[in-house]
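Overview (structure and organization)
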Amino acid sequence: MRPESMNIFDDLRGQNMVVLENAKQSGRKVVGMYCAYCPQELVLAAGAIPVSLCGTKDEPIADAEKVLPRNICPLIKSSFGFAITGKCPYFYFSDFVIGETTCDGKKKMFELLGQHKPMHVMHLPQGADRPGALPWWKEELSLLKERLEETLGVTISDDSLREAIKLSNSEQLAIKELHDLNKFDPAPLSGLDLLTATFMKGFNVNKLEGIALVNKLIGEVKEVIEQGGSPFQPDTPRILLTGCPVGIGSEKLIRLLEENGGSVVCFESCSGYKTLDMLVDEDERRDPLEAIAERSLKIPCSCMTPNEGRLDLLGRMIGEYRVDGVVDLTWQACHTYNVEAELVRGYVKDNFDIPCLHLETDYSSSDLQQLKTRVTAFIELLDKRWT
Amino acid sequence: MITVGIDVGSITTKAVLMNGSAWQSTLRPTGYSPRQAGREVLDELLDKAGLAQADIDYIIATGYGRITLDFADKAMTEITCHARGAHHLAPGADLVIDIGGQDSKVIFTDGYGNVTDFSMNDKCAAGTGRFLQVMAAAMGVDVSELAELARGMEPVQISSMCTVFAESEVISLLAEGVERGRIIAGIHRSVANRVVAMAERIGKGELIAFTGGVAKNEGVKEYLAKALGREIVVSPESQLAGAFGAAIIAREKLLKAR
Ligand code: SF4
Ligand code: SF4
């Protein structure tokens, strides 16, 4: 029994496009973002609509490869392809685009992208543990604030920032509550549905409506739990997915895992806990920019060195979600996640003694068969009902 | 209790029928129809054993063509089946190296045939049976002759792992007048090294079982043993490991259900 609201989420990306177009016609500004480090609070406080531009579809990659080298990550190629072909309405509608210097491929891609849209690239510190990191990042946020004010012709007051922080936090709390419901065994929501519901965040024009929809879904999922329902059999192996960001269009691994007998109960990635797990401090006495800076520097992304926070988060999630196995996804040519896979593997093995499968792939379907064999073998290895 | 395991590989389809501790096997080229090859090995086995299909209690299909066999009771991956089969052929083996037609795998087990970890080559054919086939063809010999031709030869360095590039490398080595046996030895070493790199990522292993079609090649086996520094067991039935595993898992399944 699939919660009814899921039907709404399925169509949301398309529907929001129309809403976005209307909003634009009535004079609202749209700001595109690529990454979890981008502070949507600033965009909201500027009265603009934040949209996510991170490419998650295979379709525009061929076009991107006419310009970009082939051996970079599909996420970068997809993002770039969408931008240069005009096939992504969200990019098309964006008045301003914010990039950030996370990985090398992305930051250099932004230099090319700047030829297509007004854009600003935020410079991240490499390690959040350095004493200079927070002041640096806070400085970067004020620079962005200035750029936003200048480009959009607005002033961002501390009060509007505080309000935006509250709004963002409540959105995050709602999505986190939804994710937490999957701690039940068997999971009430499939991994694919959880991703679909979370993904809408990036295309939602009206935040409050989006939060209400998530809350409605939460109500329905709770009913599913009460009635003892689940899309899975009891004892279906519970899997945690970690690694590179996944979105609708690049969900092939989640599909494979669930079609071949697994249940993806949670995500330690940008579509999941990596960003849900921490709120911006709402304390009114604080400088709101500093509070935002502090929060985003805690994001355990592989672009940071060291990135121990990811291992801590993984450990907590493995326990809380009582997972049977960990799948670590690397998009081809993503060096940071690919190298970090070795740390993840060792950490999971040494501390939890549960199996960990590292897979490297792209957005295409050319390796589905090979992936299927690995995924199925992994599930056979986790499955307590068999052999 | 009678069970059957059918391993539909990309080149050869293998089947094992187990009846208590007695077993029978058969194999044939997969050809273009994995489904038909699966059907035929089953019929052949039934013929040999003088049984009807109704006498079979459980059939497990494995290998790349496993899903096409609609008469099987269950499909399982070759990774799970090879691990179990290798344990049957080499009891106690905790590292199984399986090099087949299209892919190579290293599988770690608990020493009782249960998979604990595994790794598989990626999309390309480097280090697989197909790689050896292409190289043999480039040198105008049959794969089955490779080991003999390379015996005692000092391997020449083959630097490319890509099948296409390695082929041109081999052709230019031949043109330079390098002895064929040395080139073949180099190829054996490069296949082995590729698999060793995969294995060493995951662990060590005490007793290694080598299965799959390439296990018949003495040259690859030798370089594997040298690089891993351990004894490698190749059973005469190693090609049947997957089918054995499938038949054994089927039997265990029935025993468990009792
Ligand atoms: S993985 Fe890192 S770089 Fe990518 S979106 Fe998340 S935070 Fe940004
Ligand atoms: S997946 Fe990796 S390579 Fe791709 S954009 Fe994110 S960090 Fe960069």
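Residues numbered from 1 in each chain as written. Chains lettered and ligands numbered in written order. Predicted model: local features only at pLDDT ≥ 70, side-chain atom pairs only at ≥ 80, totals over all residues. Heavy atoms only, no water.

Taking an unreviewed UniProt entry as the reference, chain B is identified by name as Acyl-CoA dehydratase activase belonging to Pelotomaculum isophthalicicum JI. As stated in UniProt under Cofactor (unreviewed entry), the record for chain B gives "[4Fe-4S] cluster". (UniProt positions renumbered as here; feature names shortened; annotations may be inferred.)

If you check an unreviewed UniProt entry, chain A appears there as 2-hydroxyacyl-CoA dehydratase family protein from Pelotomaculum isophthalicicum JI. Regarding chain A, the UniProt comment filed under Sequence similarities (unreviewed entry) reads as follows: "Belongs to the FldB/FldC dehydratase alpha/beta subunit family." UniProt annotates chain A under Cofactor (unreviewed entry) with the comment "[4Fe-4S] cluster".

Moving on, we get to helix 7 (residues 133–152) of chain A. Residues and elements named next belong to chain A. Counted at 1.5 Å a residue, the expected span for helix 7 with its 20 residues is 28 Å, and the 28 Å between its end C-alpha atoms agrees. Within helix 7, burial applies to Ala133, Trp137, Glu140, Leu141, Leu144, Lys145, Leu148, Glu149 and Leu152. For helix 7, the elements touching its buried residues are strand 1 (30–33), helix 2 (40–45), strand 3 (96–100), strand 4 (119–122) and helix 13 (288–297). (Helix = DSSP H or I, 4+ residues; strand = E, 2+ residues; numbered from the N terminus. Expected span 1.5 Å × (residues − 1). Buried < 20%, exposed > 50% of the residue type's maximum accessible area, 1.4 Å probe, protein only. Contact = heavy atoms within 4.5 Å.)

This part is about unusual backbone geometry. Residues and elements named next belong to chain A. Put simply, Asp185 and Pro186 share a cis peptide bond, and its omega is -5°. Assignment of secondary structure puts Pro186 in the loop between helix 8 (158–181) and helix 9 (191–199). Residue Pro306 is bonded to the preceding Thr305 through a cis peptide linkage, with omega at -5°. Relative to the elements of secondary structure, Pro306 occurs in the loop between helix 13 and helix 14 (308–320). Positive phi outside glycine occurs at Ala333, with the angle close to 75°.

This paragraph deals with the site of ligand 1. Around ligand 1, the neighbouring residues are Cys35(A), Ala36(A), Tyr37(A), Thr102(A), Lys106(A), Pro245(A), Cys270(A), Cys301(A) and Tyr337(A). When grouped by side-chain class, the residues that make up the shell around ligand 1 number 7 nonpolar, 1 polar and 1 charged. (Near = heavy atom within 4 Å. Nonpolar A, V, L, I, M, F, W, Y, C, P; charged D, E, K, R; others polar.)

Okay, the interface of chain B and chain A next. Each partner contributes residues to the interface: chain B has 25 residues there, and chain A has 21 residues. Both sides of the chain B and chain A interface together cover about 1900 Å² of buried area, and 54% of this is carbon and sulfur. Summed over the shared surface of chain B and chain A, the number is 2 salt bridges. Among the salt bridges present, the one from Asp117(B) reaches Arg345(A), with a minimum N-O distance of 2.3 Å. The tally of links between chain B and chain A comes to 5 residue pairs in polar contact (both at pLDDT 80 or more). Contributions of two or more residues to the side of chain B that touches chain A are made by strand 4 (58–62), strand 5 (74–75), helix 2 (78–89), strand 8 (115–120), helix 6 (180–202) and helix 8 (241–257) of chain B. At 5 residues, the largest contribution of residues to the side of chain B that touches chain A is made by strand 8 of chain B. Among the residues forming the side of chain B that touches chain A, the class breakdown is 11 nonpolar, 4 polar and 10 charged. (Buried area = accessible area lost by both parts, 1.4 Å probe. Salt bridge = Lys/Arg side-chain N within 4 Å of Asp/Glu carboxyl O. Polar contact = N/O pair within 3.5 Å; in protein donor to acceptor, adjacent residues only side chain to side chain.)

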